[in-house]
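# Examination of the molecular architecture
For reference, the chains in residue letters:
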Amino acid sequence: MPEFDYDLAVVGSGPAGHHAAIQGAKLRKRVIMIERKALVGGICVNVGTIPSKTMREAILYLSGYREHAVYGDSYRVKEKITFQDLLVRVDPVVRHEIDVLRHQLLRNGVELTTATASFVDPHVLHLEDKPSGLQRRISAANIVLAVGTHAARDQRTPLDGRYIFSSDDMMELDELPRTLAVIGAGVIGCEYASMFAALGVRVTLIDMRPRLLDFVDAEIVESLVYHLRERRVTLRLGEEVSSIEVFRENGQNHVRTCLASGKQIITDKALSSTGRTGATSELNLGAAGLATDARGRMKTNADYQTAVEHIYAVGDVVGFPSLASTSKEQGRIAVCRAFRAPAHHAPELFPYGIYTIPEISFVGATEESLTNQGVPYEIGKAAYRETARGHIIGDNSGVLKLLFHRETRELLGVHIIGDGAVELVHIGQAVISLKGTIDYFVNTVFNYPTLAECYKNAALDGINRLSA
């Protein structure tokens, strides 16, 4: 075996890269993490998941959203909410997360260097710190690419970061708009559309597809659509954007979004959320014998191994589901596979959390997938309003839905919309992973009053359907 400088080189410090590096250190390997920016954490910690979810929590609090069922829609903690009010809560959380990540790398002996990495050959990386001009070369036995993505750009959406912006620019906004066009109704688009709507912003959500979030249970999506419309969100589905421009009228700048159908939407600002592109352009992948698809994403096998045996790709750069939680696991599994360490991997049991208002979470099969597979299934549903906890917290519209095998009663899927959905789903995830039945919920005592009682109510509803 040739001698390498490192056993493992990880390019990127987001959730996937961070967990890959820590796993390598736990296996007592010589690990270097290469991050091109001065701050660790990647898009997730600095401008994506952590800031947006912290902002969401600030919006829920300041807007009084959770109290509207009790005190009315006019109730607010602060009457005039500014964007600075939201950042006051975001900034300390981001700083804390960065400090935690750095400390974890330090105490595990991972070498962290700030540089842009590019391949010289399949085992050698050229590192350049562009601000200082310092350069060096390193070699590694195994390499994990966790470079993430950046907002997709095209000629129809001239992003200026102020009036027409992407989710990457969100933390740089100077003020909250009165009206907003959100172009692209994927997870990010739906999350921000619902967040701005909760603040009273008039939102228009535009997407070429005929329905929102086509990988989510249709009934859950219907509920989300109802809530969006209740918040005065206008949905323009099946519509294509032909052009978008900033224009000035009466001394004010506005954004005009033109649709292929001839419609025009005039708003204060526009958020472009039309997908993301793999941040692979500077890697010089050709020197390693690798290539990407048209969106800069990398193809891997089930172990996150690329076409080159010792090079792995994990996280958003490999595409769907592009969640921080799944990216962490991908990073861990890739390193375990690289060094032949035992590790169980069950991507079919990954939970999905979508932080819309209200939030959505699910795990396992959907009704559509079970129908396509010809699986005999039944459903059991429970409404938050049927629990005391639902009334206490002011969420009378949440729903928990169980899918189970009609003959064996094995739990096959859990789908939730409502407050605490992303936490509640883990109960069902555990039962599915152990191949449990819905009888588990019937025979289990849940704390009272809690939303977790919905599991028992839904199981009883499902059993009743079997004999109806």
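Since the model is a prediction, treat every value here as computed from it, not as a measurement. Along every chain, residues carry numbers that run from 1 in the direction the sequence is written. Given that the model is predicted, a residue must reach a pLDDT of at least 70 before its local features are reported, and side-chain atom pairs must reach 80 or more before they are shown or counted; all residues, however, enter totals for whole chains, interfaces and linings. Remark: hydrogens and water are excluded; side-chain values derive from all non-hydrogen atoms of the structure.

Here the focus is the overall build of the protein chain. For helices the rule is a DSSP run of H or I covering at least 4 residues; for strands it is a run of E covering at least 2, with both sets numbered from the N terminus onward. Summing up its helical and strand segments, the protein chain has 13 helices and 22 strands in all. Over its C-alpha atoms, taken along the principal directions, the protein chain stretches across nearly 70 × 65 × 40 Å. Each residue's exposure class comes from its accessible area (1.4 Å probe, protein chains only) as a fraction of the maximum for that residue type: buried when under 20%, exposed when over 50%, partly exposed otherwise. Counting the 468 residues in the protein chain, one finds 53% classified as buried. Contacts are residue-level and defined by heavy atoms, with any inter-residue pair within 4.5 Å sufficient. For the protein chain, restricting intrachain contacts to residue pairs at least 6 apart in sequence, the fraction spanning at least 24 positions comes to 63%. Of the accessible surface of the protein chain, which amounts to about 21,400 Å², a share of 49% is contributed by carbon and sulfur atoms. The charge count includes Lys and Arg as positive and Asp and Glu as negative, but it does not include His or the ends of the chains. Think of each charge as sitting on NZ of Lys, CZ of Arg, CG of Asp or CD of Glu. Here the protein chain carries 51 positive and 55 negative side-chain charges, and the mean point of each set is 1 Å from the other. Computed with a 1.4 Å probe, the accessible areas rest on the Shrake-Rupley method; for each residue, only the protein chains presented here act as cover.

By the convention used here, strands pair only if DSSP detects at least 2 bridges between them. Taken in spatial order, the five strands of this open sheet run β8-β15-β9-β10-β11, and their pairing is parallel. One side of each edge strand has no neighbouring strand; the edge strands of this open sheet are β8 (164–166) and β11 (234–237). Adjacent strand axes in the sheet meet at a mean angle of 20°, parallel and antiparallel pairs treated alike. Bridge analysis of β8 against strand β15 (residues 269–272) gives three bridges, and the strand direction is parallel. Paired with Ile164 across the bridge in β15 is Ala270. Axis definition: a line fit to C-alpha positions, over the contact stretch in the case of helices; interaxial angles, taken between N-to-C directions, run 0 to 180 degrees. Against the sheet, helix α6 (residues 187–198) contacts β9 (179–183), β10 (202–207) and β15, and its axis sits at roughly 165° relative to β10.

The aromatic pairing rule takes the rings of Phe, Tyr and Trp, using the six-membered ring of Trp, and pairs them if the centres are within 6.5 Å, calling planes under 30 degrees apart stacked, those over 60 edge-to-face and the rest tilted. The final tally for this structure, using the stated rule, is nine aromatic pairs. A centroid spacing of 5.4 Å and a plane angle of 75° characterise the contact between Phe215 and Phe320, whose relative ring orientation is edge-to-face. Here Phe215 is found in the loop between β10 and α7 (218–230), whereas its partner Phe320 is found in the loop between β17 (311–313) and α8 (324–338), with 105 residues between them in sequence. Residue classification places Phe215 among the partly exposed positions, given a relative accessible area of 26%. Consider the rings of Phe215 and Phe362, whose centres lie 6.2 Å apart with planes at 45°: the pair is tilted. Remark: Phe362 occurs in strand β19 (residues 360–364) and Phe215 occurs in the loop between β10 and α7; sequence separation between them is 147 residues. Think of it as a cone above the ring: NZ of Lys or CZ of Arg counts as a charge over the ring if it is within 6 Å of the ring centre and within 35 degrees of the ring normal. Arg256 extends its terminal NZ or CZ atom over the ring of Phe247, reaching a point 4.1 Å from the ring centre.

Moving on, we get to unusual backbone geometry. Here the bond from Phe320 into Pro321 is cis, since omega is 10°, no more than 30 degrees from zero. If you trace the backbone, Pro321 turns up in the loop between β17 and α8. With omega at -5°, the peptide bond leading from Tyr448 into Pro449 counts as cis. Inspection of the secondary structure assignment puts Pro449 in the loop between α12 (439–442) and α13 (453–467). Look at Tyr304: it is not a glycine, yet its phi comes out positive at around 70°. Of note, Tyr304 is situated in the loop between β16 (276–278) and β17. Using a relative accessible area of 8% as the deciding quantity, one classes Tyr304 as buried. Phi is positive for Arg340, close to 60°, though the residue is something other than glycine. Structurally, Arg340 can be placed in the loop between α8 and β18 (352–354).

Moving on, we get to the pattern of salt bridges. Working definition: two side chains of opposite charge can pair if their charged atoms are close together. Criterion for a salt bridge: a side-chain nitrogen of Lys or Arg within 4 Å of a carboxyl oxygen of Asp or Glu. A complete count under the given rule lists 25 salt bridges for this structure. Between Lys401 and Asp217 there is a salt bridge; the shortest N-O distance is 2.9 Å. In this pair, Lys401 is assigned in strand β21 (residues 399–405) and Asp217 in the loop between β10 and α7, connecting sequence segments 184 residues apart. By relative accessible area, which is 1% here, Lys401 ends up buried. Residues joined in a network through salt bridges with shared partners are Asp217, Glu219, Glu367, Lys381 and Lys401.

Glancing now at a nonpolar patch on the surface. Nonpolar side chains (Val, Leu, Ile, Met, Phe, Trp, Tyr) are joined into patches within 5 Å and like charges within 9 Å, using only residues with over 30% relative accessible area and no salt bridge. Together, Tyr61, Val70, Tyr71, Tyr75 and Val77 make up an exposed nonpolar region whose accessible area comes to about 510 Å². Mapped onto the elements, Tyr71 comes out in helix α4 (residues 68–71).

Purely geometric stuff here, so don't read any function into it on its own.
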